[in-house]
Amino acid sequence: MGNLKQRFSGVWAWLDERLDLAAVRKIAEKKEVPVHRHTIWYYLGGMTLFLYLIQIATGILLLFYYRPSAEDAYESVQFLMSEVHFGWLFRSIHAWSANLMIFTAFLHLFSVLLLRSYRQPREISWISGVLLLGLAMAFGFTGYLLPWNELAYFATRVGTQIMEAVPFIGAYMATVLRGGDDVSGATLTRFYAIHVAVLPMLTTFLLGLHLFLVQKLGMSVPLDVEREGGAKAGMKFVPNFLLRDLVGWLTALAILAALAAYFPAHLGAKADPFAPAPAGIKPEWYFMFMFQTLKYLPAHILWLEGEVVGILGFMLAGVLLLIWPFIERGSGRGEPSRVFTWIVVGMIVYIIVVTYLGYAAEPMA
Amino acid sequence: MDTRTYRLLLGLAAATLLWPRLGQAQEEASSCVGCHAALSDDLLSAPVSELERDVHSDFGCVGCHGGDAQEFSMLAMDPARGYVGIPEPREVESLCGRCHSDAEFMKRFDPAFRVDQVTEYRTSVHGSRLASVNDQRVATCVGCHPAHSIKPPSDPSSSVHPLNVAETCGQCHADPDYMSPYAIPTDQHDRYMESIHWHMLSEEGDLSAPTCNDCHGNHGAAPPGVSWVGNVCGQCHMVMGELFAESFHSEIFTMLGRPGCATCHDNHRTVAAGDELLGLGEGAACAMCHTESSAGGAVASSMRSLIDSLTARYEAADSILAEAENVGLEVSEAQFGLGDARTALVSARTAVHSFSLEAVKEEVDAGLEVTAVAYASGEGALGEFLIRRLGLAISVALILALIAGLVLKIRKIEQA
């Protein structure tokens, strides 16, 4: 044992001499997490990061077998699910982890909104976080098509058709994204490239920025706690907070394993562009509130098509969300705003109710 | 003067008085339309509005009735101007045939249009009775294609659209009073309504499913002779038709005066053929002639046993694969493979029409091999599912142990 410890110290000293690990250790030891009644929300960011790392690991394993073409994609996933050892497990964990990651990212976003953690000087942390959520949704949209099964094919067709309704550039954007006028093999290869190269690259950059800012600016203390005189206590990040994080991550891992074993990802029938669209095509749950809202809109609102108004509305909402810290400046000055709190609560209630209605509604023909 | 004649004359007088004003407004309009539209007798005025939707509307009234549509007086109906009035039943076929038998003329409207309707009609029971005994009750062209409202068969409101043919034929053939002079059954329509053919046509929307004219011919309508019923059914059921034609049953049925396919499957009330038709059980067609003690009866029973065994094995394999699929296992390849057993089952049922036990056995054996492979895949998949659960239990136990260790570690650190 003593020998092993001696060897580890030797390796540490060797690396420290070259990488200045002592400085990193010093930062880690110095880092503290404020302890107050809202501390639990701090775990959501780490949980989302953990699920993203699971995505990378399982995604790489899937890449060993996946063949990105309309002719081979479905068969390669079928082979992976039925013939490859633990192939079903990797794919199921990848699918479930994606959903959980977006779920925790949404929770993280709303907790930050309600705790006013975006306020000065964390505006860039907020913007990078919102963009990361957008990237996560783009990961979901592009990854959904990759198995090239019937539901994914038609859901992507509906999704890209909605994009066409964006004035002026919508049709062009949809054509570029699809590689043609309709979803085809060209769309699959484009989505694949976006899913495994473009989005990971952008995410790595934004995630790096986000984590750097968290490190640089520290954990934000909620406005109401700050008004009461700030956090009364702190917790060392290493090891206290990190160990608690680990407990959460291991719990997530157990949940993922159970979900993958009991509800493995289905493959369904291979996409057939000439077949009629199956009944009940629905987007992934995180797009449902937008999809359902578009269905509720009348055919025309004033002189504009209802769908166009809806899409422009969501685009505007996205921009407003992105620049939220610059709109709600009161919290930066330490002034709480009930109006903004109710707006956020309204957003949460709207998303939950409309998503529920989307699943409770009759299947579409 | 009866009421009808009085109304007719009153209508004509009103039309004559009104016509000059109508004529000014519609200089190019036909005098037939001008007068008949104003008549109060529906029999005479209805054709005006009906013809607007008729496929022949462009030819106008004179196309069939002759006369002079530009003459705005009763002289328009002068026989000297070609007026033929309402044609007699015997004249109808030649009147329609003037155009419909003229290939050169019909080509202008549709190069693929048939021009043999009149020739066929003359071979039909309808046409031959009209020609031989001047039977005025038989169907002529206008009996099935109502004059003034003729529409193409593709039009759902046409009297000869596949969904309406049975009703059109049934107007006469399902009317016991009308058909009483001919001493033929009038239950064909009702029996057809219970058939699989009508079900496919009306419920499943398969417009290629047969209706009256597909078996009896349309213009050449006649009951199929006993010896060639198989040819009629064989138009669609080709493989069964050929197997039956080559079988010894074909000869025997002809000898016994039995109507081929219809002996077992009925003619108008052709119900969905199920396995119950085979063998000697209740509802089995074979039992109509064969008994348990006869050689034919033994073959029929053996065929039924073979098909039942394949059906049972197929269902078992299908069920176990469905069970595996329901718990989320990927078995689509095995399910696809099981499709071959379904094909073998269909082939075995088809082979029954050869009345050869060997032919049926060959198909059944091929199917059984496939079902065995599929069933084994299903069993393997369910075994894998159990392993997955075990693996999950072990993994979760390990993770929980790790979590417990971490919690203890946190406590230890924070107590220190």
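I will try to describe carefully the structure that is included in this document. (Residues numbered from 1 in each chain as written. Chains lettered and ligands numbered in written order. Predicted model: local features only at pLDDT ≥ 70, side-chain atom pairs only at ≥ 80, totals over all residues. Heavy atoms only, no water.)

A word on the overall build of chain B
Okay, so step 1: When you go through chain B residue by residue, the secondary structure sums to 21 helices and zero strands.
Okay, so step 2: In chain B, which comprises 416 residues, the proportion classed as buried is 30%.
Okay, so step 3: A separation threshold of at least 6 residues defines the contact pool for chain B, and within that pool the share at least 24 residues apart is 56%.
Okay, so step 4: Of the roughly 24,500 Å² of accessible surface on chain B, 59% is carried by carbon and sulfur atoms. (Helix = DSSP H or I, 4+ residues; strand = E, 2+ residues; numbered from the N terminus. Buried < 20%, exposed > 50% of the residue type's maximum accessible area, 1.4 Å probe, protein only. Contact = heavy atoms within 4.5 Å. Areas by Shrake-Rupley, 256 points an atom, 1.4 Å probe, with all protein chains shown as cover.)

Concerning the side chain of A:T142
Residue and element names in this part refer to chain A.
Okay, so step 1: Here T142 shows up in helix α6 (residues 123-145).
Okay, so step 2: Residue T142 is classed as buried on the basis of its relative accessible area, which comes to 4%.
Okay, so step 3: Here H195 takes part through its side chain, which lies 3.0 Å from a polar atom of the side chain of T142.
Okay, so step 4: Discounting chain neighbours no more than four positions away, the residues touching T142 are F191, I194, H195 and L199. (Polar contact = N/O pair within 3.5 Å; in protein donor to acceptor, adjacent residues only side chain to side chain.)

A few points about unusual backbone geometry
Residues and elements named next belong to chain A.
Okay, so step 1: The omega angle of the peptide bond from Q120 to P121 is 10°, so this bond is cis rather than trans.
Okay, so step 2: Locating P121 in the fold gives a position in the loop between α5 (87-115) and α6.
Okay, so step 3: Residue P239 follows V238 across a cis peptide bond; omega there is 10°.
Okay, so step 4: Within the secondary structure layout, P239 lies in helix α11 (residues 237-262).
Okay, so step 5: Its identity as a non-glycine residue notwithstanding, F168 has a phi of 70°, on the positive side.
Okay, so step 6: Note that F168 resides in the loop between α7 (150-164) and α8 (170-178).

Observations concerning the packing of aromatic side chains
All names here are of chain A.
Okay, so step 1: This structure, assessed with the given rule, holds 25 aromatic pairs over all chains.
Okay, so step 2: Judged by centre distance (6.3 Å) and plane angle (15°), the rings of F106 and F110 are stacked. Linking F106 with F110, this pair stays in helix α5, spanning four residues, or about one helical turn. When sorted by exposure, F106 lands in the same class as F110, which is buried.
Okay, so step 3: Ring pairing ties together the aromatic residues F103, F106, F110, F141, F191, W285, Y286 and F287, which thus form one cluster.
Okay, so step 4: Stacked on the ring of F237, the Lys or Arg K31 has its end atom at 5.4 Å from the ring centre. (Phe/Tyr/Trp six-rings, centres within 6.5 Å; stacked < 30°, edge-to-face > 60°. Lys NZ or Arg CZ within 6 Å of the ring centre and 35° of its normal.)

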